[in-house]
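Chain by chain, the residues:
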Amino acid sequence: MNKKPLLLGTAFAMAMAVSVNASADRVIDLFSVTQAKFFDVTTNGVAESRTVNDPNPYPSPLNSIIGDNRDISVNLINSPDPANVNASASVTAGVYNFSQDTQAGAEAQIQWDGSNVGVEGADGGILNPTGLGGINLWDTGSLFSFDVIFADQGFTADVIVYTDATHFSRIRIDTVVPVSNQTFSLAFAAFENAAFVAANGGAGSAGLADLNNVGALQVILNPLGTGLSIDLTIDNITTVPEPATLSLLGMGLLGMGASARRRKLANA
Ligand SMILES: [Ca+2]
Ligand SMILES: [Ca+2]
Ligand SMILES: [Ca+2]
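Worth saying up front: this structure is predicted, and the values here are computed from it rather than measured. (Residues numbered from 1 in each chain as written. Chains lettered and ligands numbered in written order. Predicted model: local features only at pLDDT ≥ 70, side-chain atom pairs only at ≥ 80, totals over all residues. Heavy atoms only, no water.)

Thoughts on the nonpolar core
At step 1: Counting residues in hydrophobic clusters, the biggest one holds 51 residues, and the most contacted among them are Tyr 96, Phe 98, Trp 112, Phe 144, Leu 217 and Leu 221.
At step 2: If you look at the next biggest cluster of nonpolar residues, it comprises 6 residues, including Leu 127, Ile 160, Ala 216 and Ile 220. (Core = buried A, V, L, I, M, F, W, Y, C linked by side-chain atoms within 4.5 Å. Buried < 20%, exposed > 50% of the residue type's maximum accessible area, 1.4 Å probe, protein only.)

Encoded structure:
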């Protein structure tokens, strides 16, 4: 697995953060719909899962979850004392939290796979790879953007875009270092690039995801279940329109041009 982080420079990340607030027209999740904290206290191979519907379905201007439903889960993989050394997840105060005790190893998931009907149980833990019904993300932008408020360790996350059960693209990111208030971006084009996906995660048995036809989105945190103490807080996940990003970068370049002109005038 390629461990090279897909991090962007701080200046660029700041520009991205501004553009998210200014002009994103389709959210993935603003984490404003809460889910109470819960724990997995068993190393039985079964995750604890919770599901919630958005009380303001799309296209309400108050909609904050793509597909109107979010599933979160925690799977305690190993622990010397599961009842007391374990892991939890929650969505409260506008942010998602995953916490893993020292010496525990756990994986956490966030799924956006539409309402829980058919293949999903009441808790939403099973992924429905076509539950979003084929959303065209290219209509909404060209990058995923997610704000990590805090991570006390470097963390690994797999971001998976599904078109259906056999067409998906998985990309692993690894921050290597702790994170504080940083915006990460992942280009849609990366998920449609066979060589990049093969090198950084993997594709479905029938091929890559088509971001014109998205059936589900999934984030797997700490997919290796490694045993470090982890506290991770994620804020808004959105799609970012390229024109807004370019115009912000362009404004930065214009600003540099203006100061160069001022220096010239001062020297004249
Ligand atoms: Ca369990
Ligand atoms: Ca669901
Ligand atoms: Ca699900």
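So, the coordination of the calcium ion (ligand 1)
Each angle at a metal carrying four tetrahedral donors should ideally be 109.5 degrees, and each at a metal carrying six octahedral donors should ideally be 90 or 180 degrees.
At step 1: Within the protein, the calcium ion (ligand 1) binds to Asp 40 (OD), Asp 40 (OD), Thr 42 (O), Thr 42 (OG1), Asn 44 (OD1) and Val 46 (O); these donor distances fall in the range 2.4 to 2.6 Å.
At step 2: Around the calcium ion (ligand 1) sit 6 donor atoms, and with donor-metal-donor angles ranging over 52 to 160° the site reads as irregular.
At step 3: Each donor residue of the calcium ion (ligand 1) belongs to the same chain, with the gaps between them written as D-x1-T-x1-N-x1-V.
At step 4: The partly exposed category is assigned to Thr 42, whose relative accessible area is 32%. (Donors = N, O, S within 2.8 Å, 3.2 Å for Na, K, Ca; no water. Tetrahedral: all angles 85-135°; square planar, octahedral: opposite > 155°, others 65-115°.)

Some words on the packing of aromatic side chains
At step 1: Taken as a whole and assessed by the stated rule, the structure comprises 6 aromatic pairs.
At step 2: Taking the centre distance of 5.3 Å and the plane angle of 85° together, the rings of Trp 138 and Phe 188 count as edge-to-face. With Trp 138 in the loop between strand S7 (105–112) and strand S8 (143–151) and Phe 188 in helix H2 (residues 188–191), this residue pair connects regions lying 50 residues apart in the sequence.
At step 3: Here Trp 138 falls in the partly exposed class, since its relative accessible area comes to 31%.
At step 4: Of the residues examined, Phe 188 reaches a relative accessible area of 0% and is grouped as buried.
At step 5: Among the aromatic side chains, those forming a connected cluster through ring pairs are Trp 138, Phe 144, Phe 188 and Phe 191.
At step 6: Between the NZ or CZ atom of Arg 50 and the centre of the ring of Phe 38, over which it lies, the distance is 4.5 Å. (Phe/Tyr/Trp six-rings, centres within 6.5 Å; stacked < 30°, edge-to-face > 60°. Helix = DSSP H or I, 4+ residues; strand = E, 2+ residues; numbered from the N terminus. Lys NZ or Arg CZ within 6 Å of the ring centre and 35° of its normal.)

Focus: the coordination of the calcium ion (ligand 3)
At step 1: Here the calcium ion (ligand 3) is held by the protein donor atoms Asp 71 (OD), Gln 111 (OE1), Asp 113 (OD), Asp 113 (OD), Glu 120 (OE), Gly 124 (O) and Ile 126 (O), which lie 1.7 to 3.1 Å from it.
At step 2: Here the calcium ion (ligand 3) and the calcium ion (ligand 2) are spaced 3.7 Å apart, and both take Asp 71 as a donor. Each member of the pair Glu 120 and Gly 124 is classed as buried.

Honestly, that's just the spatial picture; any functional story needs more than this.
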